[in-house]
Amino acid sequence: MATKVNLQRRKLLIGSVAAGVAGVAVATVHDGELGAPPQTIRGSVPWKEGAADSPPGVSGSGYVYFTALEAEFIEAAVARLIPHDDVGPGAVEANVPYFLDRQLAGPFGRGDHFYLGGPWAKGTPEQGYQSRFTPAQLYRAAISAVDQYVAANLGAATFAKLAAADQDTALKGLESGEIKLEGGVDAKSFFTMLLQNTKEGYFSDPIYGGNKDMGAWKMIGFPGAHYNYKDWVSRHGERVPFPPVGFKGRPGWAES
């Protein structure tokens, strides 16, 4: 009897999965976040144009999310996280502040794929992001709280007004959690997100607004989004002698 029940449950589960896949297959939502619908592939790999979302490229100039005061903080902070030197561009030169602005103004900033419901007990590092704030709300609240801390404790009006060495000290205090911020902002959580997003903007495809002129890719010798690298799969340790290419090609390519 138990075996029969289990078989019936398995049939029910399989039917549910099939219905779910069918539902995904007919989905028409294209928000730059969804991949192609799941499918079973046998033999050669099929290809169908438009099955997956195109990257949601950014456009325009200037900031659309950051206020002028917030932009000053971001530009100063990322310049210390990835400073410019003879090896390669810094975060500011790579347009990371612009990348962050557009990300916070979009689905990531809204926390589209975050669980933001309570309770908001402090989690362990292994549990990842735990906050009532969306990423955009966290940035806004944290930047204000950091500037308030600086004004009260470090003798400058804002973080951006600190000397570079003092900015480094403040960032280390945020990273360690030694600095306590007002407004319900967890300093370590904010620093972790800021550092991660800064690295993403620095090394991401330029279509998202950062990695200007593919400077970070050129620095590390990454060729970018070429069609494939099948001729190089087994050639370990060899430099791929291709110029870097982004999702939209490289300067001089015609767009259809």
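One structure accompanies this document, and this report is about it. (Residues numbered from 1 in each chain as written. Predicted model: local features only at pLDDT ≥ 70, side-chain atom pairs only at ≥ 80, totals over all residues. Heavy atoms only, no water.)

## Structural notes on the overall build of the chain
Argument step 1. Per the secondary structure count, the chain includes eight helices and zero strands.
Argument step 2. When the helices and strands of the chain are placed in sequence order, the string is α-α-α-α-α-α-α-α.
Argument step 3. Counting every position in the chain, which comprises 256 residues, the buried fraction comes to 31%.
Argument step 4. Restricting the contact set of the chain to residue pairs at least 6 apart, pairs at least 24 apart contribute 57%.
Argument step 5. Of the roughly 16,400 Å² of accessible surface on the chain, 56% is carried by carbon and sulfur atoms. (Helix = DSSP H or I, 4+ residues; strand = E, 2+ residues; numbered from the N terminus. Buried < 20%, exposed > 50% of the residue type's maximum accessible area, 1.4 Å probe, protein only. Contact = heavy atoms within 4.5 Å. Areas by Shrake-Rupley, 256 points an atom, 1.4 Å probe, with all protein chains shown as cover.)

## Let's talk about the packing of helix α2 (residues 68–81) against helix α5 (residues 135–153)
Argument step 1. At a minimum axis separation of 10 Å, α2 and α5 run at an interaxial angle of 80°. By the angle between their axes, α2 is roughly perpendicular relative to α5. Counted together, L69, E70, F73 and I74 of α2 and Y139, R140, I143, V146 and D147 of α5 form the full contact between these two elements. (Axes fitted to C-alpha atoms, helices over the stretch in contact; angles between N-to-C directions. Parallel < 35°, antiparallel > 145°, perpendicular 65-115°, else oblique.)

## Section: the side chain of N211
Argument step 1. The topology assignment puts N211 in the loop between α7 (187–203) and α8 (215–220).
Argument step 2. Overall, the relative accessible area of 0% leaves N211 in the buried class.
Argument step 3. Other than its neighbours up to four places away in sequence, N211 contacts A94, G201, Y202, F203, S204, P206, A216 and W217.

## Comments concerning the packing of α5 against α7
Packed helices, taken two at a time, are described by the angle between their axes plus the distance between the axes.
Argument step 1. Two elements in contact, α5 and α7, have axes separated by 10 Å at closest approach and are oriented at 115°. In terms of axis orientation, α5 runs roughly perpendicular to α7. At the point where α5 passes α7, the crossing takes the left-handed sense. Residues P135, L138, Y139, A142 and I143 of α5 form the contact with α7, whose participating residues are S189, F190, M193, L194 and N197.
Argument step 2. Within the contact of α5 with α7, the residues separate by chemical class into eight nonpolar, two polar and no charged. (Left-handed = near helix turned anticlockwise from the far one by under 90°. Nonpolar A, V, L, I, M, F, W, Y, C, P; charged D, E, K, R; others polar.)

## A closer look at the pattern of salt bridges
Argument step 1. Overall, the coordinates contain five salt bridges when judged by the stated rule.
Argument step 2. Here D101 and R102 are joined by a salt bridge, their closest N and O atoms 2.6 Å apart. In terms of burial, D101 and R102 fall into one category: buried.
Argument step 3. In this structure, E238 and R235 form a salt bridge, with 3.0 Å as the shortest nitrogen-oxygen distance. (Salt bridge = Lys/Arg side-chain N within 4 Å of Asp/Glu carboxyl O.)

## Brief notes about α2
Argument step 1. Taking 1.5 Å per residue, 14 residues should reach 20 Å; α2 reaches 20 Å between its end C-alpha atoms and fits that length.
Argument step 2. Regarding α2, the residues found buried are E70, A71, F73, I74, A76, A77 and V78.
Argument step 3. Buried-residue contacts for α2 involve α3 (96–104), α5, α6 (164–176) and α7. (Expected span 1.5 Å × (residues − 1).)

## Describing the side chain of Q167
Argument step 1. Mapped onto the elements of the fold, Q167 is located in helix α6.
Argument step 2. Look at Q167 and you get buried, because its relative accessible area is 6%.
Argument step 3. If sequence neighbours within four positions are ignored, Q167 has contacts with A76, R80, F159, A160 and L162.

## So, unusual backbone geometry
Argument step 1. Although it is not a glycine, N95 adopts a positive phi angle of roughly 70°.
Argument step 2. Locating N95 in the fold gives a position in the loop between α2 and α3.
Argument step 3. Unlike most non-glycine residues, N211 shows phi in positive territory, near 50°.

## Some remarks on the nonpolar core
Argument step 1. In terms of nonpolar packing, the biggest core is built from 40 residues, with F66, I74, L100, Y139 and F159 touching the most fellow members.
Argument step 2. Those elements giving two or more residues to this core turn out to be α2, α3, α5, α6 and α7.
Argument step 3. Residues within four places of F159 in sequence aside, it is in contact with F73, A76, A77, V146, D147, V150, Q167, A170 and L171. (Core = buried A, V, L, I, M, F, W, Y, C linked by side-chain atoms within 4.5 Å.)

## Remarks on α5
Argument step 1. Here α5 is 19 residues long and its end C-alpha atoms lie 26 Å apart, about the 27 Å a rise of 1.5 Å per residue gives.
Argument step 2. Considered for burial, the residues of α5 that qualify are P135, A136, L138, Y139, A142, I143, A145, V146, D147 and V150.
Argument step 3. As for α5, its buried residues are in contact with α2, α3, α4 (107–110), α6 and α7.
Argument step 4. Looking one or two places after α5, you find G155, whose phi comes out positive at around 75°.

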